[in-house]
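What the coordinates show
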Amino acid sequence: MTQKLFSELGLSDVLLKAIDRLGYEKAAPIQGEAIPLILAGHDVIGQSQTGSGKTAAFAIPAVEKIDPQIRKVQVLILCPTRELAVQVAEEVYKLSVFKRGVHSVPIYGGQSYDRQIRALKQGAQIVVGTPGRILDHLSRGTLALTNVQMVVLDESDEMLDMGFRDDIEEVLRSIPKGRQFICFSATMSAPIMELIHKQSAHPRVVKIEHKILTVPSVEQAYYEIRGRSKTEALTRLIDLYDLKLGMIFCNTKRMVDELAEELVARGYSADRIHGGMSQTQREKVMSRFRSSAIEFLVATDVAARGIDVENVEVVFNYDLPWDEEDYVHRIGRTGRAGRPGRAMSLIVGREIYKLQGIERYTRTKIPRRQVPSLEQVEEKRTNLFFERIRTALQNGNFPTETPIVDRLLAQGFSATDIACALVHELRKDDALRRDSPLTDRREDHKDSRPAQRRPRDRGSKRTRS
Ligand code: ADP
Ligand code: MG
């Protein structure tokens, strides 16, 4: 992994703080390459696949370059659709929270002109919009682009596919010469190249090539999560497959913290590791994980770099990494030394595109599986429990327990009742845990932060069936 840290890219503290708050640990490859070039004032053409972090690659330097004293549009970002414009505007907003006096506004069709006009009048410096609505504002005289220093075409392949070429060129004509020209796209077709060459004499090209990667022989699967929480799906899978040692990867420090807490609250033995923790803290967690004192380690990629623990049964991708190489590194944590291993990815919405990217670059087909129902989980655990008892009966090595049973019989309890009571007591912890969080309880325990490091007695925390 050759990814850079954001702190290596020449960004100001206010931007680094905002990035840290977004939870990004390291720069995506496209970000690491493009940000310094854009900061240096070059025209930049950036190409990398969907889901690889292109938005922040231009939004970070765009916010960085704004002069908050000047209350005029300094950056124009063109997006193909209203949804994308809103998404990009949100990212721009989050990146500028600590930079005082920087304002951005999304401008798209379907929303009232009034609100947009008000924001423009108030001196927004960053406009994120769709070409059609931008043109409307230009012709109404409610938007002036004469101070624009940087223009960004985001998802240019889509914009051209949607027939925005003339609109884009018209918008670009109302921006004075000398502006910085930035263009991002997942693919580079001839029409895009043509448009670029008309707009920029010597653009720097940043293209993130994807190596074909060899995946370790691990049983991979993905689960499309619809309408329920990822955590619920995660715990059902853990229960169904009776998993006892695993790593769970998230993309951000914040998600790692949240998930570790959530798992502990649900009765699992889990802890976390991420770049926001001190070296000592991390080592402590690692040694506990190595000695199986914790069952599940929730981690970010950076923190988990180089971690090699034997017997890891499963790797979960709670979030899919945007970098295929990270995916391969992640799943390589299991199935070591010829042991079987599983890799399970939880997919929501747009993550399916990332998954397809991973399939492409690893040349593997990752099968889709159903998230098990509660009934399936219950049935499976009952069967496991049944087998455990049956095996114990067959082996017959429990004579030391005879005195207890004799005493109970002497009290007049029937053998059947005694057996039932024992089964019930044995399965109580298990049932308790399963009864509580049938739905997404994230809201419920947001404020009651569960103890992260409460001492856990491995014997009693879960019924081993
Ligand atoms: P693209 O435009 O290339 O399709 P996006 O900019 O929409 O990709 O980013 C995809 C996802 O990756 C977003 O959810 C974003 O928050 C996340 N992301 C972007 N950069 C980073 C980073 N450096 N670290 C972690 N997550 C990131
Ligand atoms: Mg994008």
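To keep things clear, this report deals only with the structure shown in the data block. Keep in mind the model is a prediction, meaning the values are calculated, not measured. Throughout, a residue's number is its position along its own chain's written sequence, starting from 1. Each chain takes a letter, starting from A, and each ligand takes a number, starting from 1, following the order in which they are written. Reporting of local features is limited, given that this is a predicted model, to residues whose pLDDT is at least 70; pairs of side-chain atoms are given and counted only at 80 or more, and all residues count toward the totals for whole chains, interfaces and linings. Only hydrogens and water are removed before side-chain values are computed, so all heavy atoms of the structure are retained for them.

Brief notes about the overall build of the protein chain
Note the cut-off: Only runs of H or I of at least four residues qualify as helices and only runs of E of at least two qualify as strands under DSSP, and these elements are numbered from the N terminus. The Shrake-Rupley method, run with a 1.4 Å probe, gives the accessible areas here. Residue values count only the displayed protein chains as cover.
Scanning the protein chain for helices and strands turns up 19 helices and 14 strands. A total of about 22,400 Å² of accessible surface is found on the protein chain, and carbon and sulfur atoms cover 50% of it.

Some points on the packing of helix α5 (residues 113-121) against helix α6 (residues 131-140)
Pairs of packed helices are described in terms of their axes, by the angle between the two and the distance that separates them. Quick reminder of the rule: Whenever a helix is involved, its axis is fitted only over the stretch in contact; in every case the axis is a line through C-alpha atoms, and angles between N-to-C directions fall within 0 to 180 degrees. Angular relationships are summarised with four words: roughly parallel below 35 degrees, roughly antiparallel beyond 145, roughly perpendicular across 65 to 115, and oblique for the angles in between. Handedness of a helix crossing follows the sense of rotation of the near helix relative to the far helix, less than a right angle counterclockwise being left-handed and clockwise being right-handed. The contact rule is simple, with two residues in contact once any of their heavy atoms fall within 4.5 Å. Ten residues, namely Ala, Val, Leu, Ile, Met, Phe, Trp, Tyr, Cys and Pro, are considered nonpolar, four, namely Asp, Glu, Lys and Arg, are considered charged, and the remaining ones, Gly among them, are considered polar.
α6 packs onto α5 with a crossing angle of 70 degrees between their chain directions and a minimal axis gap of 12 Å. Here α6 runs roughly perpendicular to α5, going by the angle between their axes. Relative to α6, the crossing made by α5 is right-handed. Along the contact surface, α5 presents Tyr-113, Gln-116, Ile-117 and Leu-120, while α6 presents Arg-133, Asp-136, His-137 and Arg-140. For the contact of α5 with α6, the class distribution of residues is 3 nonpolar, 2 polar and 3 charged.

Re the layout of surface pockets
Going by this rule: Here a cavity is any set of points on a 1 Å grid over the protein atoms alone where a 1.4 Å probe fits but cannot get out, and a pocket is any open set with protein on both sides within 12 Å along at least 5 of 7 lines; a residue lines the site when it has an atom within 4 Å of a point. Grid points are joined across faces, edges and corners, and a volume is the space filled by probe spheres set on the points.
Size it by volume and the largest pocket reaches roughly 1,600 Å³. Around the largest pocket sit 48 residues that line it, and Tyr-24, Glu-91, Trp-322, Arg-350 and Lys-354 are the ones nearest its centre. With 6 residues, the top contributor of residues to the lining of the largest pocket is helix α4 (residues 82-95). Taken together, the residues of the lining of the largest pocket sort by class into 16 nonpolar, 12 polar and 20 charged. Estimated volume of the second largest pocket: approximately 580 Å³. Contributing to the lining of the second largest pocket are 15 residues, with Ile-389, Leu-393, Phe-398, Leu-422 and Leu-426 lying nearest its centre. Mapped by element, the contributors of at least two residues to the lining of the second largest pocket are α16 (374-395), α17 (402-410) and α18 (415-435). Classifying every residue of the lining of the second largest pocket gives 13 nonpolar, no polar and 2 charged.

Structural notes on the packing of helix α10 (residues 230-240) against helix α11 (residues 253-265)
Viewed as axis vectors pointing N to C, α10 and α11 meet at an angle of 55 degrees, and their least axial separation amounts to 11 Å. In terms of orientation, α10 and α11 fall into the oblique class. Where α10 crosses over α11, the two elements pack in a sense that is right-handed. Along the contact surface, α10 presents Thr-231, Leu-234 and Thr-235, while α11 presents Leu-259, Glu-262 and Leu-263. Among the residues making up the contact of α10 with α11, the classes are represented as 3 nonpolar, 2 polar and 1 charged.

Notes on empty space enclosed by the protein
With a probe scaled to a water molecule rolled over the atoms, the places where space remains empty come into view. Counted according to the given criterion, the structure contains 5 cavities of 30 Å³ or more. Approximately 60 Å³ is the volume found for the second largest cavity. Forming the boundary of the second largest cavity are Ala-28, Pro-29, Ile-30, Ser-48, Ser-52, Ile-208, His-210, Trp-322, Asp-323 and Glu-324. Residue composition of the lining of the second largest cavity, grouped by class: 5 nonpolar, 3 polar and 2 charged.

Some remarks on the sheet that holds strand β2 (residues 75-78)
The condition that has to hold: In this analysis, strands are considered paired if DSSP registers two or more bridges between them.
Spatial ordering of the open sheet is given by β3-β4-β2-β5-β6-β1-β7, a layout of 7 strands whose pairing is parallel. Each having just a single partner strand, β3 (104-107) and β7 (204-207) make up the two edges of the open sheet. Strand-to-strand twist across the sheet, computed as the mean angle between neighbouring axes with direction ignored, equals 15 degrees. Here strand β5 (residues 150-153) runs beside strand β6 (residues 180-185); their pairing, made up of 4 bridges, is parallel. Bridged to Met-150 within β6 is Gln-180. Here α4 sits on the sheet and contacts β2, β3 and β4 (126-129); the angle it forms with β4, its principal contact strand, is near 155 degrees. Of the strands in this sheet, β3 and β4 are in contact with α5, which crosses β3 at around 150 degrees.

Thoughts on the pattern of salt bridges
Just so we agree on the cut-off: Whenever Lys or Arg places a side-chain nitrogen within 4 Å of a carboxyl oxygen from Asp or Glu, that contact is recorded as a salt bridge.
Under the criterion given, the structure shown has 23 salt bridges. A salt bridge links Glu-224 to Arg-226, with the nearest nitrogen and oxygen atoms 3.8 Å apart. A salt bridge links Asp-257 to Arg-272; the nearest nitrogen and oxygen atoms lie 2.2 Å apart. Taken as a pair, Asp-257 in helix α11 and Arg-272 in strand β10 (residues 270-273) lie far apart in primary sequence, 15 residues in all. A single salt-bridge network, built from bridges that share partners, covers Arg-165, Glu-169, Glu-194 and Lys-198.

Considering the sheet that holds strand β8 (residues 219-224)
Ordered in space as β10-β11-β9-β12-β13-β8-β14, the 7 strands form an open sheet in which the pairing is parallel. Looking at strand neighbours, the two that pair on one side only are β10 and β14 (368-369), the edges of this open sheet. Pairing of strand β12 (residues 314-317) with strand β13 (residues 342-347), which is carried by 4 bridges, proceeds in the parallel orientation. Looking across to β13, one finds that Asn-317 is bridged to Ser-345. Packed onto the sheet, α10 meets β8, β9 (246-249), β11 (296-299), β12 and β13 and runs at close to 155 degrees relative to β13. Helix α12 (residues 279-290) contacts β9, β10 and β11 of the sheet and is inclined by roughly 140 degrees relative to β10.

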